[in-house]
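# Structure assessment
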Amino acid sequence: MKKLIVTAVMCLGTAAFAQDTTGTPRNPGPSAPSNRQLDGPSTGVEAQEVGPAISDTAKKLVGADQAAKDKADAANKTGLWKEKDAFSLNGTVKAKDDDDVTLARMGTLPEVKLDVREQTKVTLDGKSVKASELPEGASVRAKFQLEGDDSIALELKATSPKK
């Protein structure tokens, strides 16, 4: 008998809590959305609104990122490099080809590999040349900028090695 009374009390108690007005569904009016909303404090965004919001934000971020890349590409194509913001270094040509030049530096300083692009000004003894035409051992004064992990040569002024 005690078990029956305890079970009845538990059922009635649970039913009493279910009738609490906080958080019960309300009847939507004619202007309310058809989905059921709960009275009481708002708990955030509806689940069906999350996906489109993320998608819109991602499109904005990707679009902004692509616009920045397009602007940088246009600046590189037109040769609008900021030489006032460039770094400089001195060294001698250790290896070279059309796409990059490796410069050895004095003392214990490490070698530097500079990417050479179409806009890079390469001169040897005051004459314009291709990077692959620089002789090994030529002394070079270089101006470069950093682009991510790459060092991009803006200007390479080389003088022929002394024989």
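Everything here concerns the structure above.
Residues numbered from 1 in each chain as written. Predicted model: local features only at pLDDT ≥ 70, side-chain atom pairs only at ≥ 80, totals over all residues. Heavy atoms only, no water.

### Quick word on the overall build of the chain
- In terms of helices and strands, the chain carries two helices and seven strands.
- Moving toward the C terminus, one meets the helices and strands of the chain in the order α-α-β-β-β-β-β-β-β.
- Looking at the chain as a whole, 18% of its 163 residues are labelled buried. (Helix = DSSP H or I, 4+ residues; strand = E, 2+ residues; numbered from the N terminus. Buried < 20%, exposed > 50% of the residue type's maximum accessible area, 1.4 Å probe, protein only.)

### So, the side chain of T102
- Mapped onto the secondary structure, T102 falls in strand 2 (residues 100–104).
- Once residues lying within four places of it in the same chain are set aside, the contact partners of T102 are T92, V93, K94, A95, E111, V112 and K113. (Contact = heavy atoms within 4.5 Å.)

### Here we look at a negative patch on the surface
- Taken together, the side chains of D97, D98, D99 and E133 present a region of like negative charge at the surface.
- Mapping E133 onto the fold places it in the loop between strand 5 (127–128) and strand 6 (139–147). (Patch = residues over 30% accessible without salt bridge, like charges linked within 9 Å, V, L, I, M, F, W, Y side chains within 5 Å. Areas by Shrake-Rupley, 256 points an atom, 1.4 Å probe, with all protein chains shown as cover. Salt bridge = Lys/Arg side-chain N within 4 Å of Asp/Glu carboxyl O. Lys, Arg positive; Asp, Glu negative; His and termini not counted. Charge placed at Lys NZ, Arg CZ, Asp CG, Glu CD.)

### Focus: a nonpolar patch on the surface
- Judged by side-chain polarity, M1, L4, I5 and V9 come together as a nonpolar surface patch covering roughly 470 Å² of accessible area.
- Tracing the backbone shows L4 in helix 1 (residues 2–18).
- Under the relative-accessibility criterion, L4 is labelled exposed at 58%.

### So, the nonpolar core
- Of all hydrophobic cores here, the largest spans 19 residues; its most connected members are V101, L103, L114, L134, V140, A142 and L156.
- In contact with A142, not counting residues within four places along its chain, are F87, S88, L89, L103, L114, E155 and L156. (Core = buried A, V, L, I, M, F, W, Y, C linked by side-chain atoms within 4.5 Å.)

### Quick notes on the pairing of strand 2
- In terms of residue burial, strand 2 counts as a mostly covered element, since four of its five residues are buried.
- Where strand 1 (residues 87–96) lies against strand 2, four bridges are found, and the strand directions are antiparallel. The residue bridging K96 from the neighbouring strand is V101, located in strand 2.
- Linking strand 1 to strand 2, which pair antiparallel, is a turn of three residues.
- Relative to strand 3 (residues 112–115), strand 2 runs antiparallel, the two being bridged by four bridges. Residue pairing across strands places V101 opposite L114, the latter belonging to strand 3. (Pairing = 2+ DSSP bridges.)

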